[in-house]
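Commentary on secondary and tertiary structure
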Amino acid sequence: TLQVLPEDLQQNAMRVISDFVKPGGILLVLTRGRAPTEPVGKMPWPLTRDRVDGFKRCGLTESLFEDYMDDERPPVRRFRVSYINQRGKE
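All of the points below concern the structure found in this document. Starting from 1, residues in each chain are numbered consecutively following that chain's sequence as written. At least 70 in pLDDT is required for a residue's local features to be given in this predicted model, at least 80 for side-chain atom pairs to be given and counted, and no such filter applies to totals for whole chains, interfaces and linings, which use all residues. Heavy atoms throughout the structure, all of them, feed into the side-chain values; hydrogens and water do not.

1. As for the environment of Arg49
Counting from the N terminus, the helices are DSSP H or I runs at least four residues long and the strands are E runs at least two residues long. Mapped onto the elements, Arg49 comes out in helix α2 (residues 49-52). The spacing of Arg49 and Phe65 is 16 residues in sequence and 9.5 Å in space, taken between C-alpha atoms. Here, residues are in contact when the closest pair of their heavy atoms is within 4.5 Å. Residue contacts for Arg49: discarding those within four places in its chain leaves Arg34, Lys56, Glu62, Phe65 and Phe79. Side chain to side chain, Arg49 and Glu62 meet in a polar contact 2.9 Å long. Any pair of N or O atoms that falls within 3.5 Å is considered a polar contact. Within protein, one atom must be able to donate a hydrogen and the other to accept it, and sequence-neighbouring residues count only if both atoms are side-chain atoms.

See below:
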């Protein structure tokens, strides 16, 4: 899970994860979310939209992005993001 990795390791982990997605394959990312202006908080550290966009910088194409509050007590902000690997797809 990316949320337990220090920020300096997250982008490399995203590259490795992206490489596991076969051409035409889908990656589903579920994570706690936060705005860039919000505090990082405690582990698992919520990710910003820009941080999650690291998968796009790895060559995946975003097909869905949802920003929502879950049903936990208290509610937790989450991102649900779907990416498609269109690299090498014929």
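2. Examining the pattern of salt bridges
Should a side-chain nitrogen of Lys or Arg be within 4 Å of a carboxyl oxygen of Asp or Glu, the pair is scored as a salt bridge. Under the counting rule described, the total for this entry stands at 11 salt bridges. Notably, a salt bridge pairs Glu7 with Arg51, separated by 3.0 Å at the nearest N-O pair. Taken together, the residues span a long stretch of sequence, with Glu7 in helix α1 (residues 7-20) and Arg51 in helix α2 at a distance of 44 residues. For Arg77, the salt bridge is made with Asp67, and the minimal N-O distance between the two is 2.5 Å. Within this pair, whereas Arg77 is found in strand β3 (residues 77-84), its partner Asp67 is found in strand β2 (residues 61-69), the two being separated by 10 residues in sequence. The buried label goes to any residue with under 20% of its type's maximum accessible area, the exposed label to any with over 50%, and the partly exposed label to all in between, with areas taken from a 1.4 Å probe on protein chains only. On the basis of relative accessibility, which here comes to 41%, the residue Asp67 falls in the partly exposed class. A cluster of three or more residues bridged by salt bridges with shared partners is formed by Arg49, Asp53, Lys56 and Glu62.

3. With respect to the packing of aromatic side chains
Note on ring pairs: Phe, Tyr and Trp rings are taken, using the six-membered ring of Trp, and paired if centres are within 6.5 Å. Classes follow the plane angle, with under 30 degrees stacked, over 60 edge-to-face and the rest tilted. The final tally for this structure, using the stated rule, is 2 aromatic pairs. Relative to Tyr83, the ring of Phe55 lies with its centre 5.4 Å away and its plane at 45°, an arrangement referred to as tilted. Highlighted residues: Phe55 in helix α3 (residues 54-57) and Tyr83 in strand β3, separated in sequence by 28 residues. As far as the burial class goes, Phe55 and Tyr83 line up, both buried. Arranged with centres 5.1 Å apart and planes meeting at 45°, the rings of Phe65 and Phe79 form a pair that is tilted. In this pair, Phe65 sits in strand β2 while Phe79 sits in strand β3, placing the two residues 14 residues apart along the sequence.

4. Side note on the pairing of strand β1 (residues 26-32)
Residues Leu27, Val29 and Thr31 line the buried face of β1, whereas the alternating positions Ile26, Leu28, Leu30 and Arg32 sit on a face that is not buried. For two strands to be treated as a pair, DSSP must find no fewer than two bridges joining them. As judged from the 7 bridges shared by β1 and β3, these two strands associate in the antiparallel manner. Looking across to β3, one finds that Leu27 is bridged to Tyr83.

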